[in-house]
Amino acid sequence: MLKAYTLLTICVVVWGSNFVFGKILVQDFSPTLLTMLRLLFIVLFLIGLSSFKKHFKGVNKSDLLAVLFLGVIGVFINQWSFFCRITNS
């Protein structure tokens, strides 16, 4: 049980520090670059994790356009807006 609470605490600290690090980084980098780098590292991490766990499943070609569209709308614009908001505050 202690391990679960420790991992949850680490998760909350990382999530809470997101705004602080974003505020620092947006002073030197554009919101678009920060968003692209953030998502690139997340994708690389998840590919590495799924390869290690051997649970990697490909996307059907028919679903690829929908996944790309949802990634741009649901993830990229969300993160880009977050960094733009920090720039203006």
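What you see as residue numbers is a count from 1 along each chain, following the sequence as written. Where local features are concerned, this predicted model is filtered to residues with pLDDT of at least 70; where side-chain atom pairs are given and counted, the filter is 80 or more; whole-chain, interface and lining totals use all residues. To obtain the side-chain values, all non-hydrogen atoms of the structure were used and water was disregarded.

Novice: Help me understand the environment of V43 in this model?
Specialist: Position of V43 relative to the elements: it lies in helix α2 (residues 31-53). With relative accessibility at 45%, the residue V43 sits in the partly exposed group. Where helices and strands are cited, they refer to DSSP runs of H or I of at least four residues and of E of at least two residues respectively, numbered from the N terminus. Burial classes: relative accessible area under 20% of the type maximum marks a residue as buried, over 50% as exposed, and values in between as partly exposed (1.4 Å probe, protein chains only).

Novice: Just checking my understanding: could you explain the environment of T87 for this structure?
Specialist: Tracing the sequence through the fold places T87 in helix α3 (residues 61-88). What makes T87 partly exposed here is its relative accessible area of 43%. For the pair T87 and F29, spaced 58 residues apart in sequence, the C-alpha separation works out to 10 Å. Look past the residues within four positions of T87 in its chain and what remains in contact with it is V26 and P31. Whether two residues are in contact is decided by their heavy atoms, any of which lying within 4.5 Å being enough.

Novice: How do you make sense of the confidence of the model for the chain when you look at a structure like this?
Specialist: With 98% of its residues at a pLDDT of 70 or more, the chain has an overall mean of 86. When pLDDT is averaged over each element of the chain, helix α1 (residues 2-25) comes out on top at 90 and α3 at the bottom at 85. pLDDT runs from 0 to 100 and stands for how confident the predictor is about each residue.

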